[in-house]
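# Results of the structural survey
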Amino acid sequence: MKIAVCAKQIPDPANEITYNDGSIVRPEEQVLDDTDRYGIEVALQLKEKFDAEVTIISMGPSGTQKGLQQALQMGADKAIFVDDDSLKGANSLMTANVLSELAKSSFADIVIFGTESTDGYSGTVPQQVSRYLDLECISYVKAIEVDDSVTLTRQTVEGSEKLNMPEKCVISVTAGGVEPRYPNFKDIMAAKSKPIEQVSLSDLNISSNQNLEFIDIESVESSKSGDKIIDEGEAYQEIVNKLKELKVI
Amino acid sequence: MKTLIIGEIINNNLSSGTLEILNKTKSLDLDTQVITIGSDDNPSIGLDDYKQTYLKRQSNSLNLSKAVNKISEIIVNENISLILGSSTYMCRDIIAALSVDLNSSPVSNVVDFALESGHVSTVNSINGGESLYKTKINSDNALLLIRPKAFDPIEVNFNDTYETIDLDGSDLEVFDIFIEEKSGPQLEDSKVVISAGRGMVEKENLELIETLATKLNAAIGGTRAIVDAGWMPYSQQVGQTGKTVKPDVYIACGISGATQHQVGMKDSKFVIAINKDEEAPIFQLADLGIVGDTLSVIPKLNENI
Ligand SMILES: Cc1cc2nc3c(=O)[nH]c(=O)nc-3n(C[C@H](O)[C@H](O)[C@H](O)COP(=O)(O)OP(=O)(O)OC[C@H]3O[C@@H](n4cnc5c(N)ncnc54)[C@H](O)[C@@H]3O)c2cc1C
Ligand SMILES: Nc1ncnc2c1ncn2[C@@H]1O[C@H](COP(=O)(O)O)[C@@H](O)[C@H]1O
């Protein structure tokens, strides 16, 4: 079994995001998107049972490759990435186009995603890749039971449903369903000798284009200057008074 | 402009998200039809003034790709330019797949859109709602995923006249379908919402919230942190990846106020926040902020209401 996990390097979420000409400004050092740790964890559970090979695939400025290293430290076997200036500000379709080509080149049977990235959160890339690959997308997976067969539980609007994982498919994993593992010192050292390979964009078959034109960004003023009261035992009374005033009680 | 809305069914009716988009396309005078996907037997989804087509899925198989094939065919045959859906699980899946067929990247998290000299322009929320991003769509087809509550729902009469197309199942069998029981006031339409965050300290303390909710006839929500921790089902998550609420009163109990949470509640009319950290970002949104311990303030509220 060959598994590809799409994982993104993003600016450290502890810092404020800044934009230049409609694109996120990406520092040299980017980190692994936490959202993608869930997908990697699912892949590693499959790897343990079925002896699968797990390849991380990623698109975007590679910089110090810290995020890719973090993915390898968790236990993935290797990483491949595309880093090309012409992809700056790539829309979700183009991103999916590139990732699906990488998935093909790694002969992946199962391609795993997070449900939405922390910085871009278009939330459409997994389904777009599944369409490019002509595979079903088992989206919003929130639990996995690995036995001789694999049972996936999907989150639905109304509740949940289960499916058996087919031999080939795309999966998106919601945050919180599985507990991503933390690498220990040995894992961190081992990751240093794992292969990271850059693939050239010109070797891929890209048919999508940049149909979305950036016009403007405006910040939303959302702060209110409401009352702030330090509770010294009686602050509940303020809430009760307010609820009466608002005719809730 | 020929427009298609991907409709969704909730409780045998068209979802509020569908009706919200319909109101917007009406105000822009767009030539709109609806294709609704569901698996209910005879939903009441026909619309007096709009063409409605029902794509009926089999609930025991995951066959969204079959629905996408059918919709793609209709879009091409009928020369539809604008395709709209709510940012819900199903519509996200459908519109994402359609974007590949139509070779046109969709815009997600749209909060407004307009037509300008034949082009669709959109406003979408980025950075957890901290900024608005404006885009012009230059392709023949425009695909938009609209955030719930971006518009008010249209008032329409439903009827039983619509065409039904039965979709084949796929090989992917679905089993153990679980429908969460819904009782009490629902998040989407309650006038009062009380939400809990990690500052409730332990799952058991949610009883305090339940007591207060019963007294105020309020719906209960939560942050992703506590949903992930299994304190509450996902259907109660408020925020970017959960529900968007706009109640008259929103009471945030032990919630830090991350942007991803704010985006789901910041349009509430009156926000009350209880948090022991004076610097918590939630206070920037609060009309009334109480710097204090949830476990001491809420029991007193319960005693005095
Ligand atoms: C892509 C993405 C999507 C996300 N989507 C969502 C979403 O839809 N909804 C969402 O909510 N989050 C979402 N998040 C997560 C979000 O970033 C925050 O992590 C989450 O909202 C934090 O939840 P919290 O406020 O409960 O916990 P914390 O941030 O841990 O805050 C707990 C607060 O409780 C206070 N506190 C602790 N003890 C007490 C006490 N005894 N009394 C009073 N106050 C106390 C603390 O001061 C603190 O401010 C998303 C994140 C990502 C990356
Ligand atoms: N540039 C990228 N490189 C690798 N994976 C990505 C990239 N962008 C998106 N993804 C994957 O797609 C998922 C959804 O991202 P998004 O559509 O941006 O919300 C993420 O959780 C990743 O698994």
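Summary of the structure given here. (Residues numbered from 1 in each chain as written. Chains lettered and ligands numbered in written order. Predicted model: local features only at pLDDT ≥ 70, side-chain atom pairs only at ≥ 80, totals over all residues. Heavy atoms only, no water.)

### Things to note about the environment of Val-141 of chain A
Residue and element names in this part refer to chain A.
- The residue Val-141 is located in strand 9 (residues 137–146) in this model.
- For Val-141, a relative accessible area of 2% puts it in the buried group.
- Along the sequence, Val-141 and Lys-192 sit 51 residues apart, while their C-alpha atoms lie 31 Å from each other.
- Ignoring any residue separated from it by four or fewer positions in sequence, one finds Val-141 in contact with Leu-152, Thr-153, Arg-154, Ile-171, Ser-172, Val-173 and Thr-174. (Helix = DSSP H or I, 4+ residues; strand = E, 2+ residues; numbered from the N terminus. Buried < 20%, exposed > 50% of the residue type's maximum accessible area, 1.4 Å probe, protein only. Contact = heavy atoms within 4.5 Å.)

### Digging into the nonpolar core
- Ranked by size, the top nonpolar core spans 38 residues in total, and within it Ile-3, Ile-40, Ile-56, Ile-112 and Ile-171 of chain A carry the most contacts.
- With six residues, the single largest contributor to this core is helix 1 (residues 34–50) of chain A.
- Other than its neighbours up to four places away in sequence, Ile-56 of chain A contacts Val-5, Ala-7, Ile-40, Leu-68, Ala-71, Ala-76, Lys-78, Ala-79 and Ile-80 of chain A.
- With 31 residues, the next largest nonpolar core counts Val-240 and Leu-243 of chain A together with Ile-194 and Leu-212 of chain B among its residues. (Core = buried A, V, L, I, M, F, W, Y, C linked by side-chain atoms within 4.5 Å.)

### Details of the sheet that holds strand 8 (residues 110–114) of chain A
- Across the sheet, which stays open at both edges, the 10 strands sit in the order 13(A)-7(A)-6(A)-1(A)-8(A)-12(A)-9(A)-10(A)-11(A)-13(B) with mixed pairing between neighbours. Two strands close off the open sheet at either side, each with one partner strand: strand 13 (196–198) of chain A together with strand 13 (174–179) of chain B. Taken over all neighbouring pairs, the strand axes of this sheet differ in orientation by 30° on average, direction set aside.
- Relative to strand 13 of chain A, strand 7 (residues 78–82) of chain A runs parallel, the two sharing three bridges. Of the residues in strand 13 of chain A, the one forming a bridge with Ala-79 of chain A is Ile-196 of chain A.
- Here helix 3 (residues 92–105) of chain A sits on the sheet and contacts strand 1 (2–6), strand 6 (53–59), strand 7 and strand 8 of chain A; the angle it forms with strand 6 of chain A, its principal contact strand, is near 150°. (Pairing = 2+ DSSP bridges. Axes fitted to C-alpha atoms, helices over the stretch in contact; angles between N-to-C directions.)

### Let's talk about the site of ligand 1
- Taken together, the neighbourhood of ligand 1 is formed by 26 residues, with Arg-198, Thr-223, Thr-241, Ser-256 and Gln-260 of chain B sitting nearest.
- At the site occupied by ligand 1, the surrounding residues belong to chains A and B.
- At 3.4 Å, a backbone N or O of Gly-199 of chain B approaches an oxygen atom of ligand 1.
- Take Thr-223 of chain B: an N or O atom from its side chain is 2.6 Å from an oxygen atom of ligand 1.
- For ligand 1, whose free accessible area comes to 990 Å², the fraction covered by protein is 83%.
- Those elements giving two or more residues to the shell around ligand 1 turn out to be helix 5 (224–228) and helix 6 (259–262) of chain B.
- Among the residues forming the shell around ligand 1, the class breakdown is five nonpolar, 16 polar and five charged. (Near = heavy atom within 4 Å. Polar contact = N/O pair within 3.5 Å; in protein donor to acceptor, adjacent residues only side chain to side chain. Areas by Shrake-Rupley, 256 points an atom, 1.4 Å probe, with all protein chains shown as cover. Nonpolar A, V, L, I, M, F, W, Y, C, P; charged D, E, K, R; others polar.)

Nothing here speaks to function; it is all geometry.
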